[in-house]
Amino acid sequence: MTTARGLEGVVATTSSVSSIIDDTLTYAGYDIDDLAKNASFEEVIYLLWHRSLPTQAQLDELKQQLKESYDIPQEIIEHFKMYPIEKVHPMAALRTTVSLLGLYDDEADVMTDEANYRKAVRIQAKIPALVTAFARIRKGQEPVAPKKEYGIAANFLYMLSGKEPTAVEIEAFDKALVLHADHELNASTFTARVCVATLSDIYSGVTAALGALKGPLHGGANEQVMKMLIEIGSPDNVEPYILEKLNKKEKIMGFGHRVYRQGDPRAKHLREMSKRLTEQTGEPQLYDMSVEIERLVTGQKDLPPNVDFYSASVYHSLGIEHDLFTPIFAVSRASGWLAHIMEQYTNNRLIRPRAEYTGPDMQKYVPINERG
Ligand SMILES: CC(=O)SCCNC(=O)CCNC(=O)[C@H](O)C(C)(C)COP(=O)(O)OP(=O)(O)OC[C@H]1O[C@@H](n2cnc3c(N)ncnc32)[C@H](O)[C@@H]1OP(=O)(O)O
Ligand SMILES: O=C([O-])CC(=O)C(=O)O
């Protein structure tokens, strides 16, 4: 048996959802650069779930289905109110309440393709309301009901603040959702596929994926990037801060990637958005610091930024609280998880690798009163 630590380089499944080939990312064959420029998040959801871009009628139908499912059960609002709120991270709240949503779905354990698609629509539609309701309740505010005329991006911003978002904010947020929607067999998607490959239900798969996304080596990195920008404080402090971290062999959040070597194609879009938005909000130093960090980390370690690096200053510029950055990633990535879960069901085999044993040799049981 050969051991691949972290499964590096192991091809664990076939998939037609997305690909990373020679540092180019595609969703069902469409280059991410093309989609970032032209597609809406709802179009991308359709693309990931059907592997083709929708006609206008197909897009309208999906949007309608999503809108009909925007609301979350009142029981979940009441549940949020029972949390020890000051101690609960929004990713923990989201992970818990996606699982809870399954209790209120009569089809939770119905395993037909049609029922799974209907549940995918419901989960995708409700995650924004879960994130924004929790974000408000923890501040003593009532949740804001979704507006049926809004798409997912506009609705998220609206439900979070209770104010009408501007066209610039909606466009930026929608593009961020497009850029984060899927990424081949990343850790959270793999987790989802492992879970549902036991023929467990779709809520279990998304709940498991949320647990994996939460970690700082994966989706949780975007919140850590913002923490670092705040700690650094000013462009002058970037060099001593980064060099000290690198000397101590600490990781710089938002850099490096298991698959990309030349760089993450999504980062340049977020970099450009960060420049524009930080200028508009009067905090250009956040972008300046980010660029200086990139120059140093790339120069010293040859590690380019990943999707999480510039997304931090983008979300901050949209007025979003920093511990909501990873839940926002989940709002988008749910679309990819759901595509992969449905793909796994249609061509399922249990996922069960082996471990190379490194424990003690065969031993004889010793009764407890004879142990030294
Ligand atoms: C959406 C996403 O999930 S994108 C990734 C988000 N995560 C982060 O930004 C966290 C920081 N980055 C990392 O921890 C890693 O680059 C990962 C987890 C993304 C990829 O990890 P792996 O492929 O397992 O690489 P691994 O952690 O083994 O690193 C290889 C080498 O590069 C170094 N390295 C990797 N990333 C970084 C970093 N961000 N800062 C400093 N050094 C790094 C490691 O210290 C290691 O050095 P060594 O060989 O001298 O020990
Ligand atoms: O693919 C990965 O390993 C992590 C990543 O960039 C993502 O999930 O978007």
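Criteria and thresholds
- Numbering of residues starts from 1 in each chain and follows the order in which that chain's sequence is written.
- Ligands are numbered from 1 and chains lettered from A, in the order in which they are written.
- Under the rules for a predicted model, residues below a pLDDT of 70 receive no local features and side-chain atom pairs below 80 are neither given nor counted, while totals for whole chains, interfaces and linings still include all residues.
- Here a helix means four or more residues in a row that DSSP labels H or I, a strand means two or more in a row labelled E, and each is numbered from the N terminus.
- The globule rule used for comparison is 2.2 Å times the number of residues to the exponent 0.38, while the radius of gyration itself is calculated over C-alpha atoms.
- Working definition of burial: number of other C-beta atoms within 10 Å of the residue's own, with buried at 20 or more, exposed at 12 or fewer, and partly exposed in between, all C-beta atoms being placed from the backbone.
- Residue pairs are scored as contacts if the distance between their C-beta atoms, which are placed from the backbone, is within 7 Å.
- When DSSP locates at least two bridges between a pair of strands, those strands are taken to pair.
- Residues enter a nonpolar core if they are buried, belong to Ala, Val, Leu, Ile, Met, Phe, Trp, Tyr or Cys, and are joined to the set through C-beta atoms within 7 Å.
- Boundaries between domains were set according to an automatic or database domain assignment.
- For each residue, a C-beta atom is positioned from the backbone; the residue is called near a molecule or strand if that atom sits within 6 Å of it.
- In this classification, the charged set is Asp, Glu, Lys and Arg, the nonpolar set is Ala, Val, Leu, Ile, Met, Phe, Trp, Tyr, Cys and Pro, and all remaining amino acids, among them Gly, are polar.
- UniProt positions are given in the numbering used here, feature names are shortened, and annotations may be inferred rather than shown by experiment.
- Each residue after the first adds 1.5 Å to the expected span of a helix.
- Bend, at a single residue, is the angle you get between axes fitted to the 7 residues ending at that residue and the 7 residues starting at it.
- Angles shown run from 0 to 180 degrees and are taken between the N-to-C directions of axes, each axis being a line fitted to C-alpha atoms and, for helices, limited to the stretch in contact.
- For classification purposes, angles smaller than 35 degrees are called roughly parallel, those larger than 145 roughly antiparallel, those between 65 and 115 roughly perpendicular, and all remaining angles oblique.
- If you view the pair so one helix is near and one far, a crossing is left-handed when the near helix is turned anticlockwise from the far one by less than a right angle, and right-handed when it is turned clockwise.

A.B. asks: Would you explain the overall build of the chain in this entry?
C.D. replies: A count of helices and strands for the chain gives 16 helices and three strands. By the compact-globule yardstick of 21 Å for 372 residues, the chain fits well, its C-alpha radius of gyration being 22 Å. The dimensions of the chain, computed from C-alpha atoms along their principal axes, are 70 × 55 × 45 Å. Out of the 372 residues belonging to the chain, those deemed buried represent 44%. Taking all contacts inside the chain whose residues are at least 6 apart in sequence as the whole, residues at least 24 apart take part in 75%.

A.B. asks: Looking at this structure, how should I read the pairing of strand β2 (residues 24–27)?
C.D. replies: A regular strand places its side chains so that they alternate between the two faces of the sheet. Only one face of β2 is buried: it carries L25 and Y27, and the other face, with T24 and T26, is open. The pairing of strand β1 (residues 18–21) with β2 spans four bridges and is classified as antiparallel. The residue of β2 that forms the bridge with S19 is T26. From the end of β1 to the start of β2, which pair antiparallel, there are two residues, and D22 there has a positive phi angle of about 50 degrees. Pairing between β2 and strand β3 (residues 30–31): two bridges, direction antiparallel. Bridge pairing in β3 links T26 to D31.

A.B. asks: Help me understand the nonpolar core, please; the structure alone is not making it clear to me.
C.D. replies: Among soluble globular proteins, nonpolar side chains are generally buried collectively. Counting residues in hydrophobic clusters, the biggest one holds 102 residues, and the most contacted among them are V44, L48 and V206. Taken domain by domain, the makeup of this core includes at least three residues from each of domain 1 (17–217 + 323–346) and domain 2 (221–317). Leave out the neighbours within four places in its chain, and V206 touches V98, I123, A192, A334 and W337.

A.B. asks: So what exactly am I meant to see when it comes to the site of ligand 2 here?
C.D. replies: Taken together, H183, N186, H257, R258, V259, N306 and V307 form the complete shell of residues around ligand 2. Class assignment for the residues of the shell around ligand 2 results in two nonpolar, four polar and one charged.

A.B. asks: Hey, could you run me through the UniProt feature "active site" (unreviewed entry) in the chain in this one?
C.D. replies: The residues that UniProt annotates with the feature "active site" (unreviewed entry) are H257 and D308. Their sequence span is 52 residues, while the largest C-alpha to C-alpha distance among them is just 10.6 Å; these annotated residues converge on one region. Considering the arrangement of structural elements, one finds H257 in the loop between α12 (238–247) and α13 (267–280). With residues up to four places along the chain from it excluded, the contact list for H257 reads D264 and N306. Turning to its location among the elements, D308 is positioned in helix α15 (residues 307–317). Apart from the residues lying within four places of it in its own chain, the contact partners of D308 are A221, N222, V225 and G254.

A.B. asks: Can you help me understand the site of ligand 1 in this one?
C.D. replies: Close to ligand 1 lie 18 residues; A221, K251, F255, G256 and R258 are nearest. Per-class residue counts for the shell around ligand 1 are seven nonpolar, seven polar and four charged.

A.B. asks: Just checking my understanding: could you explain the domain arrangement of the chain for this structure?
C.D. replies: According to the domain assignment, the chain consists of domain 1 (17–217 + 323–346) and domain 2 (221–317). In this structure, domain 1 and domain 2 have C-alpha centres spaced 25 Å apart. In this assembly, 19 residues from domain 1 lie in contact with 22 residues from domain 2. Elements with a contribution of two residues or more to the side of domain 1 that touches domain 2: β2, α1 (32–38), α8 (167–180) and α16 (325–346). In terms of residue class, the side of domain 1 that touches domain 2 is made up of twelve nonpolar, three polar and four charged.

A.B. asks: Got a minute to help me understand the sheet that holds β3 in this structure?
C.D. replies: Across a sheet, paired strands are connected by hydrogen bonds in the backbone, their directions being either parallel or antiparallel. Read across the open sheet, the three strands follow the order β1-β2-β3; overall the sheet is antiparallel. Strands at the two margins of the open sheet, each flanked by one partner only, are β1 and β3.

A.B. asks: Got a minute to help me understand helix α6 (residues 113–137) in this structure?
C.D. replies: Because the α-helix completes a turn every 3.6 residues, residues three or four places apart line up on one side. With 25 residues, α6 should reach 36 Å at 1.5 Å per residue; the first-to-last C-alpha distance of 35 Å fits that figure. Along α6, the sharpest change in direction is near 30 degrees and occurs at K126; proline P128 comes one to four residues later.

A.B. asks: Teacher, can you tell me more about the packing of α8 against α15 here?
C.D. replies: Packed helices, taken two at a time, are described by the angle their axes make and the gap between the axes. The geometry of α8 relative to α15 is characterised by a closest axis approach of 12 Å and an angle of 165 degrees between their N-to-C directions. Our classification of the angle between α8 and α15 gives roughly antiparallel. Two packed elements cross with a definite hand, and for α8 against α15 that hand is left-handed. In contact with A172, A176, L179 and H180 of α8, α15 contributes V307, S311 and V314.

A.B. asks: Help me out: how do you make sense of unusual backbone geometry in this one?
C.D. replies: Generally, phi is negative for residues other than glycine and the peptide bonds are trans, each holding for most cases. At D22, a position not held by glycine, the phi torsion is positive, near 50 degrees. One can find D22 in the loop between β1 and β2. Judged by local crowding, D22 falls into the exposed class, with 6 C-beta atoms found within 10 Å. Even without being a glycine, L199 presents a positive backbone phi close to 70 degrees. Assignment of secondary structure puts L199 in the loop between α9 (187–196) and α10 (202–213).

A.B. asks: Can you walk me through the environment of A208 in this structure?
C.D. replies: Tracing the chain through its elements places A208 in helix α10. Excluding residues that lie within four positions of it along the chain, A208 makes contacts with T191, A192 and C195.

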